[in-house]
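This is what each chain is made of:
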Amino acid sequence: MRRRLSTALVLLAAVVAGGVLGLVLIGLPGPARPTSEPPSPPPPPRTSASVSPAPEADQAAVATLARTLVDAITRADSAEFGTLTCKPQTAAALKELQATWDAAGPLQVSLTEPPAIAGDKATVTVRVEGSGGRKDTPFPLRRENGRWCVPG
(Lines give C-alpha, C1' and ligand atoms only; values in the text may rest on other atoms or scores of the structure.)
Protein backbone atom coordinates (compact mmCIF):
# COMPACT_ATOMS: atom_id res chain seq x y z
CA MET A 1 0.00 0.00 0.00
CA ARG A 2 2.84 2.41 0.87
CA ARG A 3 4.53 1.56 -2.40
CA ARG A 4 1.40 2.50 -4.36
CA LEU A 5 1.09 5.77 -2.45
CA SER A 6 4.76 6.57 -3.06
CA THR A 7 4.41 5.77 -6.75
CA ALA A 8 1.29 7.93 -7.02
CA LEU A 9 3.01 10.85 -5.28
CA VAL A 10 6.05 10.59 -7.55
CA LEU A 11 3.81 10.57 -10.65
CA LEU A 12 1.83 13.55 -9.36
CA ALA A 13 5.02 15.49 -8.66
CA ALA A 14 6.23 14.73 -12.19
CA VAL A 15 2.94 16.01 -13.68
CA VAL A 16 3.09 19.27 -11.71
CA ALA A 17 6.78 19.79 -12.50
CA GLY A 18 6.07 19.14 -16.19
CA GLY A 19 3.23 21.65 -16.13
CA VAL A 20 5.40 24.35 -14.56
CA LEU A 21 8.21 23.62 -17.02
CA GLY A 22 5.78 23.74 -19.92
CA LEU A 23 4.53 27.12 -18.75
CA VAL A 24 7.98 28.58 -18.63
CA LEU A 25 9.41 27.03 -21.74
CA ILE A 26 6.93 28.73 -24.02
CA GLY A 27 8.45 32.03 -22.92
CA LEU A 28 11.89 31.04 -24.21
CA PRO A 29 12.89 32.30 -27.65
CA GLY A 30 11.97 29.93 -30.42
CA PRO A 31 10.64 29.94 -33.94
CA ALA A 32 8.14 32.70 -34.49
CA ARG A 33 4.57 31.67 -35.10
CA PRO A 34 2.64 33.30 -37.89
CA THR A 35 0.35 36.03 -36.60
CA SER A 36 -2.46 34.72 -38.78
CA GLU A 37 -2.63 31.45 -36.81
CA PRO A 38 -6.21 30.93 -35.68
CA PRO A 39 -6.76 30.88 -31.92
CA SER A 40 -7.24 27.56 -30.16
CA PRO A 41 -10.84 26.43 -30.08
CA PRO A 42 -12.57 27.10 -26.76
CA PRO A 43 -12.92 24.16 -24.39
CA PRO A 44 -16.24 22.36 -24.44
CA PRO A 45 -18.78 23.82 -22.03
CA ARG A 46 -19.04 22.12 -18.69
CA THR A 47 -22.33 20.57 -17.82
CA SER A 48 -23.74 20.56 -14.33
CA ALA A 49 -23.77 16.76 -14.46
CA SER A 50 -19.98 16.56 -14.83
CA VAL A 51 -19.03 18.82 -11.91
CA SER A 52 -21.27 19.39 -8.94
CA PRO A 53 -21.33 22.84 -7.41
CA ALA A 54 -18.70 23.33 -4.74
CA PRO A 55 -19.44 25.07 -1.47
CA GLU A 56 -18.91 28.83 -1.62
CA ALA A 57 -15.92 28.65 0.74
CA ASP A 58 -14.15 26.19 -1.58
CA GLN A 59 -14.97 28.30 -4.63
CA ALA A 60 -13.52 31.39 -2.95
CA ALA A 61 -10.39 29.59 -1.70
CA VAL A 62 -9.65 27.97 -5.06
CA ALA A 63 -10.29 31.22 -6.94
CA THR A 64 -7.88 33.03 -4.60
CA LEU A 65 -5.24 30.32 -5.06
CA ALA A 66 -5.69 30.49 -8.85
CA ARG A 67 -5.27 34.29 -8.89
CA THR A 68 -2.18 34.04 -6.67
CA LEU A 69 -0.73 31.35 -8.96
CA VAL A 70 -1.28 33.56 -12.02
CA ASP A 71 0.28 36.52 -10.19
CA ALA A 72 3.36 34.52 -9.13
CA ILE A 73 3.97 33.34 -12.70
CA THR A 74 3.32 36.81 -14.14
CA ARG A 75 5.84 38.39 -11.76
CA ALA A 76 8.25 35.43 -12.15
CA ASP A 77 8.24 35.11 -8.36
CA SER A 78 9.43 31.61 -7.51
CA ALA A 79 9.36 32.37 -3.78
CA GLU A 80 5.65 33.18 -4.01
CA PHE A 81 5.06 30.07 -6.10
CA GLY A 82 6.80 28.03 -3.39
CA THR A 83 4.23 29.19 -0.82
CA LEU A 84 1.42 27.77 -2.97
CA THR A 85 2.68 24.19 -3.06
CA CYS A 86 1.40 21.50 -0.71
CA LYS A 87 4.91 20.40 0.19
CA PRO A 88 7.82 22.77 0.83
CA GLN A 89 10.08 23.20 -2.18
CA THR A 90 13.85 23.02 -1.86
CA ALA A 91 15.89 26.18 -2.29
CA ALA A 92 17.59 24.53 -5.28
CA ALA A 93 14.26 23.77 -6.98
CA LEU A 94 13.03 27.35 -6.47
CA LYS A 95 16.35 28.75 -7.70
CA GLU A 96 16.11 26.62 -10.85
CA LEU A 97 12.51 27.73 -11.44
CA GLN A 98 13.53 31.37 -10.94
CA ALA A 99 16.40 31.03 -13.43
CA THR A 100 14.02 29.53 -16.00
CA TRP A 101 11.48 32.32 -15.51
CA ASP A 102 14.18 34.98 -15.69
CA ALA A 103 15.42 33.51 -18.99
CA ALA A 104 11.87 33.39 -20.39
CA GLY A 105 11.39 37.14 -20.20
CA PRO A 106 8.04 38.85 -19.74
CA LEU A 107 5.00 36.58 -19.76
CA GLN A 108 1.31 37.31 -20.00
CA VAL A 109 -0.57 34.91 -17.75
CA SER A 110 -4.31 34.41 -17.30
CA LEU A 111 -6.94 31.85 -16.37
CA THR A 112 -8.82 30.42 -19.34
CA GLU A 113 -11.97 29.57 -17.37
CA PRO A 114 -13.24 29.36 -13.80
CA PRO A 115 -11.73 26.60 -11.65
CA ALA A 116 -13.40 23.18 -11.74
CA ILE A 117 -13.85 21.78 -8.22
CA ALA A 118 -14.77 18.21 -7.30
CA GLY A 119 -14.52 17.40 -3.60
CA ASP A 120 -10.96 17.88 -2.37
CA LYS A 121 -9.56 18.28 -5.89
CA ALA A 122 -9.72 21.12 -8.37
CA THR A 123 -8.21 22.14 -11.68
CA VAL A 124 -7.37 25.56 -13.05
CA THR A 125 -6.18 26.07 -16.59
CA VAL A 126 -3.50 28.73 -16.88
CA ARG A 127 -2.68 30.38 -20.21
CA VAL A 128 0.86 31.66 -20.61
CA GLU A 129 1.85 33.80 -23.57
CA GLY A 130 5.41 34.82 -24.30
CA SER A 131 7.81 35.33 -27.14
CA GLY A 132 7.74 31.59 -27.89
CA GLY A 133 3.96 31.36 -28.27
CA ARG A 134 0.97 30.45 -26.14
CA LYS A 135 0.27 27.42 -23.99
CA ASP A 136 -2.70 26.39 -21.84
CA THR A 137 -1.72 24.18 -18.91
CA PRO A 138 -4.14 22.55 -16.47
CA PHE A 139 -2.89 22.82 -12.89
CA PRO A 140 -4.23 20.25 -10.46
CA LEU A 141 -5.04 21.63 -7.01
CA ARG A 142 -6.06 19.80 -3.87
CA ARG A 143 -7.21 20.45 -0.35
CA GLU A 144 -4.64 19.19 2.11
CA ASN A 145 -5.04 19.66 5.86
CA GLY A 146 -7.84 22.17 5.20
CA ARG A 147 -5.70 24.27 2.80
CA TRP A 148 -5.95 24.40 -1.00
CA CYS A 149 -2.52 24.03 -2.63
CA VAL A 150 -0.59 22.95 -5.73
CA PRO A 151 0.52 19.30 -5.29
CA GLY A 152 4.12 18.38 -5.88
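Summary of the structure given here. Because the structure is a prediction, the values reported are computed rather than measured.

**Details of the packing of aromatic side chains**
Stage number 1. Within the structure shown, the criterion is met by one aromatic pair.
Stage number 2. Judged by centre distance (6.0 Å) and plane angle (85 degrees), the ring pair of phenylalanine 81 and tryptophan 101 falls under edge-to-face. Here tryptophan 101 lies in helix H4 (residues 91-104) and phenylalanine 81 lies in helix H3 (residues 78-84), a separation of 20 residues in the sequence.

**Section: H4**
Stage number 1. Between its first and last C-alpha, H4 extends 20 Å over 14 residues, near the 20 Å set by a 1.5 Å rise per residue.
Stage number 2. Taken together, the buried positions of H4 are Leu94, Leu97, Thr100, Trp101 and Ala104. When H4 is viewed along its axis, its buried side chains cluster within an angular range of 125 degrees and face the same direction. Those residues of H4 that are exposed and aimed more than 90 degrees away from the buried face are Ala91, Ala92, Lys95, Glu96, Asp102 and Ala103.
Stage number 3. Backbone geometry just after H4 places glycine 105 at a positive phi near 80 degrees.

**As for the nonpolar core**
Stage number 1. Counting 23 residues, the largest nonpolar core has Leu69, Ile73, Val124, Val126, Phe139 and Leu141 as its most contacted members.
Stage number 2. If you list the elements that add at least two residues to this core, you get helix H2 (56-74), H3, H4, strand E3 (121-130) and strand E4 (133-144).
Stage number 3. In terms of residues, this core owes the most to one element, H2, which gives seven residues.

**Some points on the environment of proline 138**
Stage number 1. As for its placement among the helices and strands, proline 138 is situated in strand E4.
Stage number 2. By relative accessible area, proline 138 is classed as exposed at 52%.
Stage number 3. Taking the C-alpha atoms as reference, proline 138 lies 9.7 Å from leucine 111; in sequence the two are 27 residues apart.
Stage number 4. Beyond its immediate chain neighbours, meaning those up to four positions away, proline 138 contacts Thr123, Val124 and Thr125.

**Notes on the state of the cysteines**
Stage number 1. Considering all chains together, one arrives at one disulfide under this definition.
Stage number 2. Sulfur-sulfur distance for the disulfide between cysteine 86 and cysteine 149 comes to 1.9 Å. The disulfide joining cysteine 86 to cysteine 149 has a torsion of about 95 degrees about its S-S bond and is therefore right-handed. Note that cysteine 86 is positioned in the loop between H3 and H4 and cysteine 149 in strand E5 (residues 147-149), a separation of 63 residues in sequence. In terms of burial, cysteine 86 and cysteine 149 fall into one category: buried.

**Things to note about unusual backbone geometry**
Stage number 1. Backbone geometry places alanine 76, a non-glycine residue, at a positive phi of 50 degrees.
Stage number 2. Relative to the helices and strands, alanine 76 is located in the loop between H2 and H3.
Stage number 3. Positive phi, normally seen in glycine, also occurs at asparagine 145, with a value near 55 degrees.
Stage number 4. Note that asparagine 145 resides in the loop between E4 and E5.

**Some points on the pattern of salt bridges**
Stage number 1. As enumerated under the stated definition, the model contains six salt bridges in all.
Stage number 2. Residue aspartate 120 pairs with arginine 143 through a salt bridge whose shortest N-O separation is 2.7 Å. Here aspartate 120, found in the loop between strand E2 (116-118) and E3, pairs with arginine 143, found in strand E4; they are 23 residues apart in sequence, far enough to count as distant.
Stage number 3. Note on arginine 143: relative accessible area 26%, which makes it partly exposed.
Stage number 4. The partner of aspartate 136 in a salt bridge is arginine 127, and the shortest N-O contact between them spans 2.7 Å.
Stage number 5. Judged by relative accessible area, arginine 127 falls into the partly exposed class, the value being 23%.

Criteria and thresholds
- Residues numbered from 1 in each chain as written.
- Predicted model: local features only at pLDDT ≥ 70, side-chain atom pairs only at ≥ 80, totals over all residues.
- Heavy atoms only, no water.
- Phe/Tyr/Trp six-rings, centres within 6.5 Å; stacked < 30°, edge-to-face > 60°.
- Helix = DSSP H or I, 4+ residues; strand = E, 2+ residues; numbered from the N terminus.
- Expected span 1.5 Å × (residues − 1).
- Buried < 20%, exposed > 50% of the residue type's maximum accessible area, 1.4 Å probe, protein only.
- Arc of directions from axis to C-beta.
- Core = buried A, V, L, I, M, F, W, Y, C linked by side-chain atoms within 4.5 Å.
- Contact = heavy atoms within 4.5 Å.
- Disulfide = S-S within 2.5 Å.
- Salt bridge = Lys/Arg side-chain N within 4 Å of Asp/Glu carboxyl O.

Don't take any of this as a statement about function, it's just geometry.
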